Amino acid sequence: MLCGAGVLLAVAAAPAQAAEVSYATECIPPPISGLPPVEGTTKVEIKAPAEAKVGDEVTVTWKFVQAASKNPDVLDLDKDTVKPTGTLKAAGAQTADIAMEGPRSNPAIPKNSEMKLSDMTGRLKLTAAGEVTLTPDAYNINVNKPISTDTKCSPKETVQPAATIKVSDGGGSGGTTGGLPTVVPTLPTGVPTNLPTGLPTGLPTGSSSPAPTVSETGGDGGGSGGAGGGGGGQTDFTGKEVRVPYACKTPIGDKNATSPVQIDAKKDGGSFALTVRFKKSVMDSPADIPKDSVKPSMEVVVGGADKGTVHVEGPTNASDIKSGDPIEIPDLTGTYKPGASGRSTLSPGVLTIKALGTTTTCTPTRSEVSLTLDTSEQPGGTSGGSSTSGGTSGGTSGGLARTGADDHGALKALGLVAGTAILLGGAVFTFLPRCTRAAARA
């Protein structure tokens, strides 16, 4: 009998229990796989202390006895590339969703062999006396090579509790690690005297420095500038960094992401040279990327007095990017020729990334102004323009890396160009049938 897992921190170990449960599971493969939802059987063992006290924080362990999938007969999975996460439901005396997480620690998994998932652990603070049941719920399998993909699995039947913790009141001498101290310190009863009653004198009444501009204070209107080179002939205008929420159409499915973007301008006669900057390096490349294979562009949205869009684009990658090297996003540049006089705003618009015949298009779900300029109408200017952007396509020669919902995630589509067969190899699980087809796979 296994013991010692899930014991209380800094408390004498309670008897441990380990119980196994199995349940029908539906798993959703990654969009790139093109596979429909499939079913399998999940078997897990939950380890937890049999007894504890109110106020204790306990550790519980989720062990995969059998995952509902095999590694398909396509690609060997490397060591330490698979990471499980999931949810364990607490019910009874108290209810909670316990976040469970396992390390990215697995042996090399050959093609057409059993998936090997690491044990997941989570912690629960006990708040009420009585019986607390622990029941496995949904889980996710992430594979990070050759690209990051997720397979999402959820129960398709009522799952039985796998473990029960008997929680007693935390009373009695000595208390527990989760209890309150039994001796309350005496608080001072006096208030210190001779406190200063006046404000310091000699404070400056003015400042020799001018007040910060909107761009310096990060106001909602973005950075500002003058049409005639205001501020004594100003020609350079710095926008503020804005976090742009994107909805992306990618060759591997729809993704949501948020990216930090800044738009700067340099006045040139009546026009402005625009530079769109992405403020952070996106990621380390998960594979070799050939020279001149990835090209980004954007339609900057013009608002306020003027209306339309300005096309800006960046160069393709000038050299090969080796696996593990950081990927840096180039600045996107273009020229804004105002079509109206007044105060005009510039906001990041549709972002397009093309690579080896595929296109990823990311559309902002909310407008975020980065820069405001005082403009003068120029012949043939922007006003009345419209946005143009590439559609979404999935060429057979390659695909793009994932986008994510984390910082600067929208640009992760720049991360990888690789063959579709390789993408499928890292992304797809085949699932064990629960009944007659099990024997055929044996």
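Refer to the structure presented above.
Residues numbered from 1 in each chain as written. Predicted model: local features only at pLDDT ≥ 70, side-chain atom pairs only at ≥ 80, totals over all residues. Heavy atoms only, no water.

Moving on, we get to the overall build of the chain. The secondary structure content of the chain amounts to four helices and 28 strands. Nonlocal contacts in the chain, meaning residues at least 24 apart in sequence, comprise 72% of its contacts between residues at least 6 apart. Carbon and sulfur atoms provide 52% of the accessible area of the chain, an area that totals close to 21,400 Å². (Helix = DSSP H or I, 4+ residues; strand = E, 2+ residues; numbered from the N terminus. Contact = heavy atoms within 4.5 Å. Areas by Shrake-Rupley, 256 points an atom, 1.4 Å probe, with all protein chains shown as cover.)

Attention shifts here to the side chain of glutamine 94. Here glutamine 94 lies in the loop between strand E6 (82-92) and strand E7 (96-101). By relative accessible area, which is 9% here, glutamine 94 ends up buried. Among the polar contacts made by the side chain of glutamine 94, one reaches the main-chain amide nitrogen of threonine 127 at a distance of 2.8 Å. Ignoring anything within four residues of it in the chain, the contact list for glutamine 94 reads Leu124, Lys125, Leu126, Thr127, Ala128 and Val132. (Buried < 20%, exposed > 50% of the residue type's maximum accessible area, 1.4 Å probe, protein only. Polar contact = N/O pair within 3.5 Å; in protein donor to acceptor, adjacent residues only side chain to side chain.)

Another aspect to go through is the state of the cysteines. Per the stated rule, a full pass over the model turns up two disulfides. A sulfur-sulfur separation of 2.2 Å characterises the disulfide bridge that pairs cysteine 27 with cysteine 153. Between cysteine 27 and cysteine 153, the S-S dihedral sits near 115°, and the bridge is therefore right-handed. On the criterion of sequence distance, the pair formed by cysteine 27 in strand E1 (residues 16-28) and cysteine 153 in strand E11 (residues 149-155) is long-range, its members being 126 residues apart. Each of the two residues, cysteine 27 as well as cysteine 153, counts as buried. The residue that forms a disulfide with cysteine 248 is cysteine 362, at a sulfur-sulfur distance of 2.1 Å. Its torsion about the S-S bond being 110°, the disulfide of cysteine 248 and cysteine 362 is classed as right-handed. (Disulfide = S-S within 2.5 Å.)

On to the pairing of strand E20 (residues 308-313), then. In this structure, strand E19 (residues 294-304) lies alongside E20, joined through six bridges in antiparallel fashion. In the sheet register, valine 302 faces E20, and the bridge partner there is glycine 308. The antiparallel pairing of E19 with E20 creates a hairpin that spans three residues between the two strands. (Pairing = 2+ DSSP bridges.)

It is worth spelling out the environment of lysine 111 at this point. Looking at where lysine 111 falls in the secondary structure, it is placed in the loop between E7 and strand E8 (113-114). Residue class for lysine 111 comes out partly exposed when judged on its relative accessible area of 37%.

Our focus in this paragraph is the pairing of strand E17 (residues 271-278). For E17, the buried fraction is high: six of the eight residues fall into the buried class. The pairing of E17 with strand E22 (residues 332-336) spans five bridges and is classified as antiparallel. Residue pairing across strands places phenylalanine 272 opposite tyrosine 336, the latter belonging to E22.

The full count for this structure, using the stated rule, is five aromatic pairs. Centroid distance tryptophan 62 to phenylalanine 64: 5.7 Å. Interplanar angle 45°. Geometry classified as tilted. Relative accessible area serves as the criterion here: at 0%, tryptophan 62 is assigned to the buried category. The class of phenylalanine 64 is buried, set by a relative accessible area of 10%. Taken together through their ring pairs, the aromatic side chains of Trp62, Phe64 and Tyr139 make up a single cluster. (Phe/Tyr/Trp six-rings, centres within 6.5 Å; stacked < 30°, edge-to-face > 60°.)

Residues Ile46, Trp62, Val82, Leu88, Leu134 and Tyr139 are the most contacted members of the largest nonpolar core, which totals 36 residues. Taken together, the elements giving at least two residues each to this core come down to E1, strand E2 (38-49), strand E4 (57-66), E6, E7, strand E9 (120-125), strand E10 (130-143) and strand E12 (163-168). For this core, the leading source of residues is E10, giving five residues. Each residue touching valine 82, except ones within four places of it in the same chain, is listed here: Leu77, Pro103, Arg104, Ser105, Asn106, Ile109, Met115, Leu117, Ile141, Asn142 and Val143. (Core = buried A, V, L, I, M, F, W, Y, C linked by side-chain atoms within 4.5 Å.)

The next subject is the pattern of salt bridges. Summed over all chains, the structure comprises eleven salt bridges. Its salt-bridge partner being lysine 295, residue glutamate 313 comes within 3.6 Å of it at the nearest N-O pair. Highlighted residues: glutamate 313 in strand E20 and lysine 295 in strand E19, separated in sequence by 18 residues. For lysine 295, a relative accessible area of 30% gives the class partly exposed. Across the pair arginine 366 and glutamate 368 runs a salt bridge, and its minimum N-O distance is 2.6 Å. Relative accessible area serves as the criterion here: at 46%, arginine 366 is assigned to the partly exposed category. Three or more residues are tied together by salt bridges with common partners; here these are Asp264, Arg277 and Asp331. (Salt bridge = Lys/Arg side-chain N within 4 Å of Asp/Glu carboxyl O.)

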